[in-house]
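Remarks on the overall topology
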2 protein chains.
Amino acid sequence: MHNNNEVSAVAFEEIRQLGRLAFQGLGLTAHAAEHVSNVLVLADLFGLTTHGLSRIESYGERLESGGISASAEPVVETIAPAIARVDGRNAVGPLVGMTTLEAGMQLARQFGIGLVLARGSNHFGPVSPYSYIAAEQGFASIIGSNATTTIAPSGGSDARLGNSPLGFGVPNPDGNHFMLDMAMSVVARAKIRNALTRNESIPATWATDASGKPTTDPRAALDGFLQPIGGHKGYGLALVVDLLAGLLSDAAYLTHVKSWVDAPDEPQNLGHFFILIDTARLGSPDWLKARMTDFAAILHQSPAVDAASPVIVPGEIELKKMQRYLRDGVPVDATTQGLLDQYASRVA
Amino acid sequence: MHNNNEVSAVAFEEIRQLGRLAFQGLGLTAHAAEHVSNVLVLADLFGLTTHGLSRIESYGERLESGGISASAEPVVETIAPAIARVDGRNAVGPLVGMTTLEAGMQLARQFGIGLVLARGSNHFGPVSPYSYIAAEQGFASIIGSNATTTIAPSGGSDARLGNSPLGFGVPNPDGNHFMLDMAMSVVARAKIRNALTRNESIPATWATDASGKPTTDPRAALDGFLQPIGGHKGYGLALVVDLLAGLLSDAAYLTHVKSWVDAPDEPQNLGHFFILIDTARLGSPDWLKARMTDFAAILHQSPAVDAASPVIVPGEIELKKMQRYLRDGVPVDATTQGLLDQYASRVA
């Protein structure tokens, strides 16, 4: 992206339609393009701009080069009463993600809990859009994906596992859902790049140099590896996500995942796992609402260390931004707007 | 425990029988006592001595005072085809844990995945014994429990959530199971006590003082709160465990959990969640063994930063200790041995 990347607010319905048209312009069916646009616009509504419609840049490149299949339709296969497997057939990630989510909600509606494992997929966006869609329909969720390898194992000195995203949702029938969407690194690489730009050192807990040793030099860190949260604990959690999303799903895992950057026209064969729980089986909406509201209140009532930063519950920031952007428009940067217009014009 | 707490190696079968007799001496049925002894001896086999048979001290106190019911039998109720709820009726934790695990494996055998939520429970030991028992029968597992509040919410200044344990298991049919068993704090309180004893300062990431501010003073830290891994990430994860184990199970959650120390004769009403997945539904044992073995090999092959500390996969340390202790005997300290003998003598 260029530096003068001005941001404008675009009405929600307008940007959602434009997103749909743009992905149709990239060769997706109307149905597939709608799923992809919905997921990415939800990310933008939550303020996750790096994982929202701006991804049309990298998704578009890979769709154009054939690295992602524009025409593929994921296939759902039931492999146990409450388990399904999705073969993404190298379709665009959010389409595989939405197919997997919908299969999971259907299983959970029937059995109370459902597990869907996806293989043959690609980057599926952030987790919180899926958690949100599930929560709106009363489903608690545990969702994860594996990713290109960027993290060294604890005590190791080369990249062997991905900074795999893991997310959780628990619905509050009043709309104040709990949503946690996290990667396993202490910080994102962008924070290290920012430190380098400002010529600042970084905490030794953020990253290692290329030899695997913790470093405070942002330049050495960018040549090295992100450190997982809690040392061996975050390392273990990242492995869990890859075991569920990659190994058990029959997708690629660890170093078998092809790099989006190094092999742009080869299928990544990423995997995802979606566990959905129908909270309607556990108690009434009133019971759940009372408990979820009390849960948040207990946390909010903890006296703040800094009065200007009261305690928050995961999901609050995202849901507040969503309210604001639905009212005032969704921020879209000029580069993204240009790409959306360009691809959409192909089907106009 | 006194300072001269000598440790002896006792044959596995002998200590398991003694544990069973001791819990029978505390009023449990033979069946219940066997479950409790099995879980705690497995913890000792894994080297988790603080969560093994040494717990007979605190469990015994609460069983004697009526804080835990010695005679209660947990009740299992099916609330959806693949979801069950266990009412622990304030029985001893590992009995509730084993009842929950067995119900979960039965559901997973039938539906591929099963969820069991427990309420009315107590401290159920570490997670890894349950993960191990499940893995030995081919089940992957996600298991958690809530706990007495000892952690402040991110940005808050009093204890509102527990250092909830969360564990995962994925079976390797050759016995080299992946097992991750973690609490959400950067370190256990014992590590801070050790620093105080040695008159050393602690890293600012370990704990806060009583006002919620990070501290390097172990004394201030012991008056304050443990910090979760990755700041808001670990805070969020600890909330997830409490939401699943406490809130959705209809047990107590957050500050509703009664303190074992402050209210020793009131039921804690802890909750647990057990998610079990039958890996036999996903592929053959050969398929799983090949992938799990390759997964571990990829990690082991990362060149070690320190040649003396090669990369390990979670579970390896525990399984190696188990092999050794099964051969050479299980370490049991004199205090624990004395209590076991004392309680066991009641039924001799």
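Residues numbered from 1 in each chain as written. Chains lettered and ligands numbered in written order. Predicted model: local features only at pLDDT ≥ 70, side-chain atom pairs only at ≥ 80, totals over all residues.

Attention now moves to the relation of the copies chain B and chain A. Each copy of the sequence occupies a distinct position, and chain B is placed on chain A by a rotation of 180° and an axial shift of 0.0 Å, giving an RMSD of 0.0 Å. Considering both components of the superposition, the chain copies are consistent with a two-fold axis. Both copies present the same face, since 100% of the interface residues in chain B are matched by interface residues at the equivalent positions in chain A. (Least-squares fit on C-alpha atoms with pLDDT ≥ 70 in both. Contact = placed C-beta atoms within 7 Å.)

Take the packing of helix 4 (residues 93-111) of chain A against helix 5 (residues 128-136) of chain A next. Residues and elements named next belong to chain A. Axis separation between helix 4 and helix 5 bottoms out at 11 Å; the angle between their running directions is 30°. Taken as axis vectors, helix 4 and helix 5 run roughly parallel relative to one another. For the element pair helix 4 and helix 5, the recorded crossing hand is right-handed. Where helix 4 abuts helix 5, its residues G97, L101 and M105 lie against Y130, I133 and A134. Split into classes, the residues belonging to the contact of helix 4 with helix 5 amount to five nonpolar, one polar and no charged. (Axes fitted to C-alpha atoms, helices over the stretch in contact; angles between N-to-C directions. Helix = DSSP H or I, 4+ residues; strand = E, 2+ residues; numbered from the N terminus. Parallel < 35°, antiparallel > 145°, perpendicular 65-115°, else oblique. Left-handed = near helix turned anticlockwise from the far one by under 90°. Nonpolar A, V, L, I, M, F, W, Y, C, P; charged D, E, K, R; others polar.)

Listed per partner, the contact involves 62 residues of chain B and 62 residues of chain A. In terms of residue count, the dominant contributor to the side of chain B that touches chain A is helix 8 (residues 232-247) of chain B (seven residues). Grouping the constituent residues of the side of chain B that touches chain A by class yields 37 nonpolar, 16 polar and nine charged.

For the rest of this paragraph, the subject is the sheet that holds strand 9 (residues 178-182) of chain B. Residues and elements named next belong to chain B. Pairing is mixed across the open sheet formed by seven strands, whose spatial order is 2-3-4-12-5-8-9. Strands at the two margins of the open sheet, each flanked by one partner only, are strand 2 (75-80) and strand 9. Strand-to-strand twist of the sheet, defined as the mean angle between neighbouring strand axes without regard to direction, takes the value 15°. Running at roughly 160° to strand 4 (residues 113-121), helix 4 (residues 93-111) makes contact with strand 2, strand 3 (83-87), strand 4, strand 5 (139-145) and strand 12 (270-278) of the sheet. (Pairing = 2+ DSSP bridges.)

So, about unusual backbone geometry. Residues and elements named next belong to chain B. With a phi angle near 60°, N199 is a residue other than glycine that sits in the positive phi range. Within the fold, N199 resides in the loop between helix 6 (189-197) and strand 10 (207-208). Even without glycine at this site, D250 takes up a positive phi of about 75°. Tracing the sequence through the fold places D250 in the loop between helix 8 and strand 12.

Let us look at the domain arrangement of chain A. Residues and elements named next belong to chain A. Under the domain assignment, chain A is made up of domain 1 (7-185 + 228-282 + 328-345) and domain 2 (186-227). Computed over C-alpha atoms, the centres of domain 1 and domain 2 are 27 Å apart. Contact with domain 1, which involves ten residues of that partner, is made by nine residues of domain 2. For the side of domain 1 that touches domain 2, the residue count by class is five nonpolar, five polar and no charged. (Domains from an automatic or database assignment.)

Chain-level statistics for chain A give a pLDDT mean of 95 and a share of 99% at 70 or above. For this predicted complex, the interface score ipTM comes out at 0.96, alongside a pTM of 0.97. (pLDDT = per-residue confidence, 0-100.)

The next subject is the nonpolar core. What tends to happen in soluble globular proteins is that the nonpolar side chains get buried as a cluster. Among the nonpolar cores identified, the biggest contains 232 residues, and A82, I113 and L276 of chain A together with A82, I113 and L276 of chain B are the most heavily contacted of them. Sequence-distant contacts of I113 of chain A, that is, excluding residues within four places in its chain, are made with A82, A108, I275, L276 and I277 of chain A together with A82, I83, I113 and L115 of chain B. (Core = buried A, V, L, I, M, F, W, Y, C linked by C-beta atoms within 7 Å. Buried ≥ 20, exposed ≤ 12 C-beta atoms within 10 Å, placed from the backbone.)

All names here are of chain A. Mapped onto the secondary structure, A108 falls in helix 4. Taking the C-alpha atoms as reference, A108 lies 5.6 Å from I277; in sequence the two are 169 residues apart. If sequence neighbours within four positions are ignored, A108 has contacts with I113, G114, F139, L276, I277 and D278.

All names here are of chain A. Spatially, seven strands are ordered 2-3-4-12-5-8-9 in an open sheet, and the strand pairing comes out mixed. Each end of this open sheet is capped by a strand with a single partner; those strands are strand 2 (75-80) and strand 9 (178-182). Recorded for the sheet is a direction-independent mean angle of 15° between the axes of neighbouring strands. Here strand 5 (residues 139-145) pairs with strand 8 (residues 166-170) via four bridges, running antiparallel. Its bridge partner lying in strand 8, I142 is registered against F168. Contacts from helix 4 reach strand 2, strand 3 (83-87), strand 4 (113-121), strand 5 and strand 12 (270-278) within the one sheet, and its direction differs from that of strand 4 by about 160°. Packed on one face of the sheet, helix 8 (residues 232-247) meets strand 5, strand 8 and strand 12 and runs near 90° to strand 12.

Moving on, we come to the environment of P264 of chain B. Residue and element names in this part refer to chain B. The residue P264 is located in the loop between helix 8 and strand 12 in this model. Given 16 C-beta atoms within a 10 Å radius, P264 is considered partly exposed. In sequence terms P264 and A84 are 180 residues apart; their C-alpha atoms lie 29 Å from each other. Sequence-distant contacts of P264, that is, excluding residues within four places in its chain, are made with R62, S65 and G67.

For the rest of this paragraph, the subject is helix 5 (residues 128-136) of chain B. Residues and elements named next belong to chain B. Burial runs high along helix 5: eight of the nine residues are buried. Taken together, the buried positions of helix 5 are occupied by S128, P129, Y130, S131, Y132, I133, A134 and A135. Directly after helix 5, the chain includes G138, whose backbone phi takes a positive value near 90°.

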